[in-house]
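# Structural overview
Listed below are the residues making up each chain.
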Amino acid sequence: MAELQEVQITEEKPLLPGQTPEAAKTHSVETPYGSVTFTVYGTPKPKRPAILTYHDVGLNYKSCFQPLFQFGDMQEIIQNFVRVHVDAPGMEEGAAVFPLGYQYPSLDQLADMIPCILQYLNFSTIIGVGVGAGAYILSRYALTGLTSSISEMILGHLFSQEELSGNSELIQKYRNIITHAPNLDNIELYWNSYNNRRDLNFERGGDITLKCPVMLVVGDQAPHEDAVVECNSKLDPTQTSFLKMADSGGQPQLTQPGKLTEAFKYFLQGMGYMASSCMTRLSRSRTASLTSAASIDGNRSRSRTLSQSSESGTLSSGPPGHTMEVSC
Ligand code: BEZ
């Protein structure tokens, strides 16, 4: 019986006569991790994402993607999209050799360059096509900022999805401030540093935890509410006042300044820094016994959870069963 043999077939279906490759334009942009070069084919199509490619190690965009993107049948697809082919730094044709000791960007940093490219081109959504290392880089990018511009990513950090889609005056105001910030490039550097932050490694009862009094505040609909709840669980409960604000999103200091002020007064009073005469009149009359005890000896022997009731619009403090109300 004849043996079956694997035969390598390279499909060949080049461009048809009359099908000419579209004009390409190569650009370079500066990013916090150095400059990156990319080549754009075609023109942006309204309401359509761009196709963005990232090649594998040992290749560049042409050696990785030319056979695919110039394949005959591919034309009916790609003619509907503008294409952005990224060359990893130093991989572009004619690239100079980096000096000895040059620290090549990590794959995470290569992913962090993608928003700079999209911002430069003013593209907000992409279809990513990656091979090998390029697929990793695009996945990293998708984990942090899929289809979002830097300003949208930052807004998603500041506000919950509900707040953003509600598009209140406050959201419009902050979207406008961030999108049109003349120092957006500097904001992006701060954003990148934030995204590359180290873990604080707090451990309740361990060596690494805050020893000072802490007031931790989060909106109950904040985008990172769970992270703040987890942080509270790692702090010393005798030193920590935790306030989860009802009906509050990502920036309670903007949306609920009154309630936050009241909570801050309690916090300061707990450390003996506020006379009870500074308290709101109603709250003073309601809470005299507990708050004055806290302000006189400044003794913070137990955890205090401040929780705000959405119905009454009041704040309560202390362990369960020991409620302190304040007016706001
Ligand atoms: C393109 O049309 O997108 C393309 C052309 C040549 C090489 C790679 C891509």
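Just so it is clear, the structure is predicted and the values come from calculations on it, not from any experiment. (Residues numbered from 1 in each chain as written. Predicted model: local features only at pLDDT ≥ 70, side-chain atom pairs only at ≥ 80, totals over all residues. Heavy atoms only, no water.)

### Overview of the confidence of the model for the protein chain
When pLDDT is averaged along the protein chain, the result is 81, and 76% of the positions lie at 70 or above. The secondary-structure element of the protein chain with the lowest mean pLDDT is helix 12 (residues 281-297), recorded at 33, while strand 4 (residues 83-87) shows the highest, at 98. Counted against residues more than four places away or in other chains, residues 281-303, with its pLDDT under 50, gives 44 contacts. Note on residues 308-328: pLDDT is under 50 here. Beyond four places in sequence and across chains, it has 62 contacts. (pLDDT = per-residue confidence, 0-100. Helix = DSSP H or I, 4+ residues; strand = E, 2+ residues; numbered from the N terminus. Contact = heavy atoms within 4.5 Å.)

### Focus on helix 3 (residues 107-121)
Each turn of an α-helix holds 3.6 residues, which means side chains three or four residues apart point in the same direction. Relative to the 21 Å expected for 15 residues at 1.5 Å per residue, helix 3 spans 22 Å between its end C-alpha atoms, a close match to the ideal helical length. Of all the residues in helix 3, the buried ones are L110, A111, D112, M113, I114, P115, C116, I117, L118 and L121. Immediately beyond the C-terminal end of helix 3, within one or two residues, lies N122, with a positive phi of roughly 60°. (Expected span 1.5 Å × (residues − 1). Buried < 20%, exposed > 50% of the residue type's maximum accessible area, 1.4 Å probe, protein only.)

### Let's talk about the layout of surface pockets
Here the largest pocket is characterised by a volume of approximately 1,200 Å³. What lines the largest pocket is a set of 39 residues, among which H157, Y194, R197, H224 and A227 lie closest to the centre. Listed by contribution, the elements that provide at least two residues to the lining of the largest pocket are helix 4 (133-145), helix 5 (150-158), helix 8 (184-195), strand 6 (214-219), helix 9 (225-234) and helix 10 (252-255). Residues that form the lining of the largest pocket fall into these classes: 20 nonpolar, 14 polar and five charged. In this model, the second largest pocket occupies a volume close to 230 Å³. Elements represented by at least two residues in the lining of the second largest pocket include exactly helix 3, helix 4, helix 5 and helix 8. The leading source of residues in the lining of the second largest pocket is helix 4, at five residues. Per-domain counts for the lining of the second largest pocket show at least three residues from each of domain 1 (24-94 + 103-146) and domain 2 (150-196). (1 Å grid on protein atoms, 1.4 Å probe; cavity = no way out; pocket = protein on both sides within 12 Å on 5 of 7 lines; lining within 4 Å. Points joined across faces, edges and corners; volume = space filled by probe spheres on them. Nonpolar A, V, L, I, M, F, W, Y, C, P; charged D, E, K, R; others polar. Domains from an automatic or database assignment.)

### Observations concerning the side chain of S160
Structurally, the position occupied by S160 is in the loop between helix 5 and helix 6 (161-166). Take S160: its relative accessible area is 4%, and that puts it in the buried class.

### A word on the packing of helix 5 against helix 8
For the pair helix 5 and helix 8, interaxial distance at closest approach is 11 Å and the crossing angle is 55°. Between helix 5 and helix 8, the angle is such that the two are oblique. Considering the relative orientation of helix 5 and helix 8, their crossing is left-handed. Judged by residue contacts, I150, M153, I154 and H157 of helix 5 engage I187, E188, W191 and Y194 from helix 8. Of the residues that constitute the contact of helix 5 with helix 8, the class distribution is six nonpolar, one polar and one charged. (Axes fitted to C-alpha atoms, helices over the stretch in contact; angles between N-to-C directions. Parallel < 35°, antiparallel > 145°, perpendicular 65-115°, else oblique. Left-handed = near helix turned anticlockwise from the far one by under 90°.)

### Some points on the pairing of strand 1 (residues 24-31)
Sheet analysis places strand 1 next to strand 2 (residues 34-41), joined by eight bridges and oriented antiparallel. Bridging across to strand 2, A24 finds its partner in Y41. Linkage of strand 1 to strand 2, two consecutive antiparallel strands, is achieved through a turn of two residues. (Pairing = 2+ DSSP bridges.)

### Regarding the pairing of strand 6
The side chains of a regular strand alternate between both faces of the sheet. Relative to strand 7 (residues 240-245), strand 6 runs parallel, the two being bridged by six bridges. Following the sheet pairing, V218 is matched in strand 7 by K244. Each parallel crossover has a hand, and the one from strand 6 via helix 9 to strand 7 is right-handed. (Right-handed = clockwise from strand over helix to strand, strands pointing away.)

### Overview of unusual backbone geometry
For N201, which is not glycine, the phi dihedral falls at a positive 60°. Residue position: N201 is located in the loop between helix 8 and strand 6. Residue D247 is not a glycine yet carries a positive backbone phi of 55°. Within the fold, D247 resides in the loop between strand 7 and helix 10.

### Quick notes on the nonpolar core
Core analysis: the biggest nonpolar cluster contains 24 residues, and F38, L52, Y54, V84, I114 and I117 have the highest contact counts within it. Every element with two or more residues in this core is listed here: strand 2, strand 3 (50-54), strand 4, helix 3 and helix 4. Element by element, the count of residues in this core is highest for helix 3, at seven residues. Membership of the second largest hydrophobic core comes to eleven residues, among which are L164, I171, Y174 and I178. (Core = buried A, V, L, I, M, F, W, Y, C linked by side-chain atoms within 4.5 Å.)

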